[in-house]
Amino acid sequence: MGKSIIDKIWEKHVVHREEGKPDLLYIDLHLVHEVTSPQAFSGLRMKNRKVRRPDKTFATMDHNVPTINRHIINDEIALNQMTTLEKNCAEFGVELAGIDSPYQGIVHVIGPELGLTQPGKTIVCGDSHTSTHGAFGALAFGIGTSEVEHVLATQTIWQNKPKTLKLEINGKLGPGVSAKDVILYILAKYGVNFGTGYVIEYAGEVVRNMSMEERMTICNMSIEGGARAGLVSPDETTFEYLRGRKYAPQGEKFDKFVEYWKTLASDEDAEYDKVITLNGEDIAPMVSWGTNPSMTSPVDSTIPTMEDYKTEIEKSSLKRALEYMGLKEGQKIEDIKIQHVFIGSCTNSRIEDIRAAAKVVKGKKVHPGVRALVVPGSQQVKKQAEEEGLDKILTEAGFEWRESGCSMCLSMNADVVPSGEHCASTSNRNFEGRQGAGARTHLVSPAMAAAAAIFGHFVDIRKLTTVESV
Amino acid sequence: MSGFKEFTGKAVAMDRANVDTDQIIPKQFLKRIEKTGFGKYLFFDWRYNADGSENEQFELNRPENKGASILIANENFGCGSSREHAPWALLDYGFKVIIAPSFADIFYQNCLKNGMLPIPLKQEQVDYLLEKGKKQPFVVHINLEEQKVTDGDGFEAEFEIHAYWKKMLINGWDEIEITLQLKDKIEEFEKTKDPYTIL
Ligand code: SF4
């Protein structure tokens, strides 16, 4: 019987195994950011411990950096976290892409773009969206601060072996349907904890045809389905993306690694604990209307009603969500008006996402009364977008063009959605208060967000493309 | 971390499903660089009104519910962001034990690593505790060695916990210390198995 990539990577990283204990796994890459690391470094200091492998550790600041006037940080506590990270990295010898670095950006955007993220690696970071890196065929998952300290000190982590779930998406996606819609569709269909206890391997024709950017978008939101990690077996698309990147193996070494990486892909006859099969043709552009990512529906449909749910707990969740969102049961999704648009976050802030948004808004204007923001995922994405002239297209349409960071994905900096207002957001979480107290978040793809910016409400971009091509 | 064998405390009910860590501790409070002091921000958006006064509608604000150390909640507790500030906030507020039908993976581990015990029970068992707690808080007894929860009213439930975590909690051990005892094995792994050394 064949093995899945999940089992293969796992077995290759077991340092110690003992009856009645989790496995001790070796960690190949530890990414660090300013919010979840200060307590870990101070823990090391207290016990006089060192970072075991600074060369396998990489830090950046992203969560609370300003995306405008970068050097005027009024929030003293945020500033304190940033300078604390600088001090910690200097003291413990960890490489840092700080606020002035051309490589600064959201930790899950820069790992891949610098080539740090590679197939077969075990990757951890004190952030739940570490699952993003799984797109490269890495086993990547978020950890808490105690674990950050543990990995810094030992380069290992105690883990129980997760179960494996193969999620196969066959067929083709229709025009206007993106990777973001695929993952939102999955969450709408299977809920926010179908993946708990599992690592998901995304497979099938749809995934094979995806670019690395699209694969990252899907893997990114694995955690929204409860799975700590999601991954895709590496293939030529993966290798091509990595070739020549700053921290990827270079020259002959790269070819050697490609041979090794190829052996990691799941075997045809690999066994899984669970298999789910979907059809790409069934997926429409999606819009979330509630307060968790499974509360999502196709753009051309309506918000569910009480009758659609059976259990009391589902009914009361619906009621609570709609109250918070200021929406009604049965309301048409396209009738939801928005006042803010956020294109950014580790889900959708890479170059392809910005291209998709620019394509929709080119030559058009942001609807009056709508504030629209584009926050590139990294300084490198920003630079490339500017070279392609995408910033011009967006700013001419009325978008604000910002510096890289997490920004309005969690609004730890000054980028906040005011209470009661609606935001079409390309981020990954629509929890109560995520984008600011009382803020109402709708999760969508970059193209859908861009279209909503132009119209002031959600529109089915499939209709737009037909209208245009007529 | 001190050892944890048995625990008796006041249990309160919070009948909400999918309580995410953004709700447990909103992000504006993540900017501290210490582990303590998060308790006053626990469930901030539910607990306080916009003017900073206490929201009387919120379960934990009922006068009789104050000083509780056991929280009973509904399914998928602790989902969302991996922030360890969530267990820190619950602990700092005074909770030592959380009972729910299910927990998000990362949150579950984060609790254990901070000496807090998450107890998964069957839905109908949790429903019983929730209904009881909605009327008034009550005393719950937890025996970690026997993996049992009792309420002094005849309710008794067994719960699961990995033997490893049980031992860690009971002894109050520091995980890093245990791992560093395996230093030779880590070194050997780096020399003989790490593809970045051998390829
Ligand atoms: S962009 Fe959002 S989800 Fe991603 S790391 Fe930043 S805060 Fe977390």
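As shown above, the structure is provided for reference.
In short, a report on the structure. These numbers come from a predicted model, not from an experiment.

## Some remarks on the overall build of chain B
Next, step 1: What chain B contains, in helices and strands, is nine helices and seven strands.
Next, step 2: The dimensions of chain B, computed from C-alpha atoms along their principal axes, are 60 × 45 × 25 Å.
Next, step 3: For chain B, buried positions account for 59% of its 199 residues.
Next, step 4: The long-range fraction of contacts in chain B, counting pairs at least 24 apart against all pairs at least 6 apart in sequence, stands at 65%.
Next, step 5: Accessible area of chain B: about 8300 Å², with a carbon and sulfur share of 48%.
Next, step 6: Of the side chains in chain B, 25 bear a positive and 33 a negative charge, and the two mean positions are spaced by 3 Å.

## Things to note about the pairing of strand β19 (residues 440-443) of chain A
All names here are of chain A.
Next, step 1: Residue alternation in β19 divides its side chains into two sets, Arg440 and His442 and Thr441 and Leu443, and both sets are buried.
Next, step 2: As defined by bridge partners, strand β18 (residues 422-425) adjoins β19 across four bridges and the pair is classed as parallel. The residue of β19 that forms the bridge with His422 is Arg440.

## Points about the site of the ligand
Next, step 1: In the vicinity of the ligand, the contacting residues are His63, Ile106, His108, Asp127, His129, Ser345, Cys346, Cys406, Cys409, Leu410, Asn428 and Arg434 of chain A.
Next, step 2: Broken down by class, the residue content of the shell around the ligand amounts to five nonpolar, five polar and two charged.

## A closer look at the packing of helix α12 (residues 351-361) of chain A against helix α14 (residues 390-397) of chain A
Residue and element names in this part refer to chain A.
Next, step 1: At a minimum axis distance of 9 Å, the contact between α12 and α14 shows a crossing angle of 45°. Classified by the angle their axes make, α12 and α14 are oblique. Pair α12 / α14 crosses with left-handed handedness. Residues Ile351, Ile354, Arg355, Ala357, Ala358 and Val361 of α12 form the contact with α14, whose own contacting residues are Leu390, Ile393, Leu394 and Ala397.

## Details of the packing of aromatic side chains
Next, step 1: Summed over all chains, the structure comprises 26 aromatic pairs over all chains.
Next, step 2: Look at Trp158 of chain A and Tyr164 of chain B: their rings are 5.6 Å apart centre to centre, the planes differ by 35°, and that puts the pair in the tilted class. On the criterion of chain membership, the pair formed by Trp158 of chain A in strand β8 (residues 156-159) and Tyr164 of chain B in helix α6 (residues 163-171) is interchain, its members lying in two chains.
Next, step 3: Among the residues examined, Trp158 of chain A registers a relative accessible area of 2% and is labelled buried.
Next, step 4: Taken together through their ring pairs, the aromatic side chains of Phe239, Phe254, Phe257, Tyr260 and Trp261 of chain A together with Tyr196 of chain B make up a single cluster.

## Concerning the sheet that holds strand β6 (residues 148-150) of chain B
One key point about sheets: their strands pair by backbone hydrogen bonds, in either a parallel or an antiparallel sense.
Residues and elements named next belong to chain B.
Next, step 1: The seven strands lie next to each other as β4-β3-β2-β1-β5-β6-β7, forming an open sheet whose pairing is mixed. The open sheet terminates on both sides in strands that have one partner only, identified here as β4 (117-120) and β7 (156-158). On average, adjacent strands in this sheet sit at an angle of 25° to one another, irrespective of strand direction.
Next, step 2: Summarising the sheet, strand β5 (residues 138-143) and β6 pair through three bridges and their orientation is antiparallel. The partner of Ile142 across the bridge, within β6, is Val149.
Next, step 3: Strand contacts of helix α4 (residues 105-113): β3 (97-100) and β4, with the helix running at about 135° to β4, the strand carrying the most contacts.

## Considerations on the interface of chain B and chain A
Next, step 1: Taken residue by residue, the interface counts 54 residues in chain B and 72 residues in chain A.
Next, step 2: Ranking the residues of chain B by area buried against chain A places Lys31, Tyr196 and Leu199 of chain B at the top, with a combined share of 15%.
Next, step 3: The interface formed by chain B and chain A contains nine salt bridges.
Next, step 4: Measuring nitrogen to oxygen at the nearest pair gives 2.7 Å for the salt bridge that ties Glu190 of chain B to Arg52 of chain A.
Next, step 5: Our count for the contact surface shared by chain B and chain A stands at 28 residue pairs in polar contact (both at pLDDT 80 or more).
Next, step 6: For the side of chain B that touches chain A, a count of residues per class yields 19 nonpolar, 13 polar and 22 charged.

Analysis parameters
- Residues numbered from 1 in each chain as written.
- Chains lettered and ligands numbered in written order.
- Predicted model: local features only at pLDDT ≥ 70, side-chain atom pairs only at ≥ 80, totals over all residues.
- Heavy atoms only, no water.
- Helix = DSSP H or I, 4+ residues; strand = E, 2+ residues; numbered from the N terminus.
- Buried < 20%, exposed > 50% of the residue type's maximum accessible area, 1.4 Å probe, protein only.
- Contact = heavy atoms within 4.5 Å.
- Areas by Shrake-Rupley, 256 points an atom, 1.4 Å probe, with all protein chains shown as cover.
- Lys, Arg positive; Asp, Glu negative; His and termini not counted.
- Charge placed at Lys NZ, Arg CZ, Asp CG, Glu CD.
- Pairing = 2+ DSSP bridges.
- Near = heavy atom within 4 Å.
- Nonpolar A, V, L, I, M, F, W, Y, C, P; charged D, E, K, R; others polar.
- Axes fitted to C-alpha atoms, helices over the stretch in contact; angles between N-to-C directions.
- Parallel < 35°, antiparallel > 145°, perpendicular 65-115°, else oblique.
- Left-handed = near helix turned anticlockwise from the far one by under 90°.
- Phe/Tyr/Trp six-rings, centres within 6.5 Å; stacked < 30°, edge-to-face > 60°.
- Buried area = accessible area lost by both parts, 1.4 Å probe.
- Salt bridge = Lys/Arg side-chain N within 4 Å of Asp/Glu carboxyl O.
- Polar contact = N/O pair within 3.5 Å; in protein donor to acceptor, adjacent residues only side chain to side chain.

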